[in-house]
Amino acid sequence: QVQLVESGGGLVQPGGSLRLSCAASGTIFSIATMRWYRQVPGIQRELVAGITKGGTITYGRSVKGRVTISRDNAKNTVYLQMNSLQPEDTAVYYCNAFRPPGVVTASVEYWGQGTQVTVSS
């Protein structure tokens, strides 16, 4: 069973920075696309950033230029460095692992429990 454990959330002032981490157990990490999503109550979950096993990176439009995603395959960990945070970045941030379908296997997806990020003065 795969587990994703996020950490690094908290309260930060506008203009500040945070670094989120997501540690993955199991064997999926090396073959999975890792993504960070965020969600505000009542609003659809939004993609923040994603990184494939090969290192291809995607950023959400609302955060592009302010966040950096990276992964350490040796540590089974994906990181999200967030800079110039604003109150509208306040949300629960979720880590996601996605393994695409193979020839004989279906796709599989796992979620972490989420970590709260609050940007406020």
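Because the structure is predicted, anything quoted here is derived from the model rather than measured. (Residues numbered from 1 in each chain as written. Predicted model: local features only at pLDDT ≥ 70, side-chain atom pairs only at ≥ 80, totals over all residues. Heavy atoms only, no water.)

*Asks:* Sorry, what's going on with the sheet that holds strand β3 (residues 18-24) here?
*Replies:* Strands belonging to one sheet form pairs held by backbone hydrogen bonds; the direction of such a pair is parallel or antiparallel. Pairing is antiparallel across the open sheet formed by 4 strands, whose spatial order is β1-β3-β8-β7. Both edges of this open sheet fall to β1 (4-7) and β7 (67-72), since each of them pairs with a single strand only. Neighbour to neighbour, the strand axes of the sheet diverge by 15° on average, direction disregarded. Here 4 bridges tie β1 to β3, and the two strands are oriented antiparallel to one another. From the neighbouring strand, E6 faces β3, where its bridge partner is C22. (Pairing = 2+ DSSP bridges. Helix = DSSP H or I, 4+ residues; strand = E, 2+ residues; numbered from the N terminus. Axes fitted to C-alpha atoms, helices over the stretch in contact; angles between N-to-C directions.)

*Asks:* Mind showing me how you'd approach the state of the cysteines here?
*Replies:* As enumerated under the stated definition, the model contains 1 disulfide in all. Sulfur-sulfur distance for the disulfide between C22 and C95 comes to 2.1 Å. Judged by the sign of its S-S torsion, about -80°, the cystine formed by C22 and C95 is left-handed. Taken together, the positions of C22 in strand β3 and C95 in strand β9 (residues 91-99) put the pair 73 residues apart, joining distant regions of the chain. The exposure class of C22 is buried, given its relative accessible area of 0%. (Disulfide = S-S within 2.5 Å. Buried < 20%, exposed > 50% of the residue type's maximum accessible area, 1.4 Å probe, protein only.)

*Asks:* Teacher, can you tell me more about the nonpolar core here?
*Replies:* One broad trend across soluble globular proteins is that nonpolar side chains are buried collectively. Grouped together as the largest cluster of nonpolar side chains are 29 residues, with contacts concentrated most on M34, W36, V78, L80, M82 and Y93. For this core, the secondary-structure elements that each account for two or more residues are β3, β4 (33-39), β5 (46-51), β7, β8 (77-82), β9 and β11 (115-119). If near-sequence neighbours (up to four positions away) are discounted, L80 is found in contact with L18, R19, L20, W36, V48, A49, V67, T68, I69 and Y93. (Core = buried A, V, L, I, M, F, W, Y, C linked by side-chain atoms within 4.5 Å. Contact = heavy atoms within 4.5 Å.)

*Asks:* Just checking my understanding: could you explain the pattern of salt bridges for this structure?
*Replies:* Pairing is possible between side chains of opposite charge, provided their charged atoms come close. Evaluation of the coordinates by the stated rule reveals 3 salt bridges. A salt bridge links R38 to E46, with the nearest nitrogen and oxygen atoms 2.8 Å apart. The buried category is assigned to R38, whose relative accessible area is 7%. (Salt bridge = Lys/Arg side-chain N within 4 Å of Asp/Glu carboxyl O.)

Just geometry here; none of it tells us what the structure is for.
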